[in-house]
Amino acid sequence: MPLIDSFLVDHTIMPAPSVRLAKVMHTPKGDVVEVWDLRFLRPNTGLMSDKGIHTFEHLFAGYMREHVNQKGQVEVVDISPMGCKTGFYMSLIGQADADKVAKAMLASMQDIAGLPDDYKIPAANPYQCGSWQLHSMKQAKEIAQKVLVQGVGVTRNEDIALDPQMLEKLENYSEAHAE
């Protein structure tokens, strides 16, 4: 099985909070599709809580669209949490500027951190959400506040790329440590 793009970068040196253009693809009709790594925590140093990341997802997806979408040029297709719970992936059609994505992420953090504690979480009901009771506005706001304090940088793939020889060693490491 081929390695996905995320597995080609060194997670031990990946900075956070940061944005990184992880992948660029083209549709058969020539549209540009970009996948962005929106990293909140340095990998393997912590993770967002289940309730916090879930509420954050409900809020962040909307706010990022408000700050990133540019009619006819860029449109967010999806924003989803990473399985490692250290960030989100954002897929969009069009081409976004890394500095603008970082500013949009910061603006979204300000939006979330500024919400009242009793803010009604969008779609937090059994009809629109698969885990509607797994929410915490307090924890979502804490995630946003931490990012605001730290700021958001821009990371380039080439700055954190794994060496091909290291990839071979890691393949053997994974096989030796599999359950």
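Criteria and thresholds
- Residues numbered from 1 in each chain as written.
- Predicted model: local features only at pLDDT ≥ 70, side-chain atom pairs only at ≥ 80, totals over all residues.
- Heavy atoms only, no water.
- Axes fitted to C-alpha atoms, helices over the stretch in contact; angles between N-to-C directions.
- Helix = DSSP H or I, 4+ residues; strand = E, 2+ residues; numbered from the N terminus.
- Parallel < 35°, antiparallel > 145°, perpendicular 65-115°, else oblique.
- Contact = heavy atoms within 4.5 Å.
- Nonpolar A, V, L, I, M, F, W, Y, C, P; charged D, E, K, R; others polar.
- Pairing = 2+ DSSP bridges.
- Core = buried A, V, L, I, M, F, W, Y, C linked by side-chain atoms within 4.5 Å.
- Buried < 20%, exposed > 50% of the residue type's maximum accessible area, 1.4 Å probe, protein only.
- Salt bridge = Lys/Arg side-chain N within 4 Å of Asp/Glu carboxyl O.

(A) Highlighting the packing of helix 1 (residues 50-68) against helix 3 (residues 137-150). Put simply, helix 1 and helix 3 touch, their axes get as near as 7 Å, and they point 75° apart. What the angle tells us is that helix 1 and helix 3 run roughly perpendicular. In this structure, helix 1 contributes Lys-51, Gly-52, Ile-53, Thr-55, Phe-56 and Leu-59 to the contact, and helix 3 contributes Met-137, Gln-139, Ala-140, Ile-143 and Ala-144. The residue inventory of the contact of helix 1 with helix 3, partitioned by class, reads 7 nonpolar, 3 polar and 1 charged.

(B) Structural context of the sheet that holds strand 1 (residues 18-26). One open sheet holds the 5 strands; their spatial order is 3-4-2-1-5, and the pairing between them is mixed. The open sheet has two edge strands, strand 3 (75-81) and strand 5 (153-154), and neither has a second partner. Sheet analysis places strand 3 next to strand 4 (residues 87-93), joined by 6 bridges and oriented antiparallel. Of the residues in strand 4, the one forming a bridge with Val-76 is Leu-92.

(C) Structural view of the nonpolar core. Counting residues in each nonpolar core, the largest one holds 35 residues, and the members touching the most others are Leu-38, Phe-40, Phe-56, Phe-60, Met-90 and Met-105. Taken together, the elements giving at least two residues each to this core come down to strand 2 (32-39), helix 1, strand 3, strand 4, helix 2 (98-113) and helix 3. A per-element tally of this core places helix 1 first, with 8 residues. Ignoring sequence-local partners within four residues, the contact set of Phe-56 consists of Phe-40, Phe-88, Met-109, Ile-112, Ala-140, Ile-143 and Ala-144.

(D) Expanded view of the pattern of salt bridges. Tallied over the full model, the rule gives 7 salt bridges. The residue Asp-50 makes a salt bridge to Lys-85 at a minimum N-O spacing of 2.3 Å. Taken together, the residues span a long stretch of sequence, with Asp-50 in helix 1 and Lys-85 in the loop between strand 3 and strand 4 at a distance of 35 residues. Given a relative accessible area of 22%, Lys-85 falls into the partly exposed group. Here Asp-117 and Lys-141 are joined by a salt bridge, their closest N and O atoms 2.7 Å apart. Of this pair, Asp-117 sits in the loop between helix 2 and helix 3 while Lys-141 sits in helix 3, placing them 24 residues apart in sequence. By relative accessible area, Asp-117 is classed as exposed at 62%. Via salt bridges that share partners, Arg-20, Asp-37 and Arg-39 belong to a single interconnected network.

Any functional reading would require information that these geometric values do not contain.
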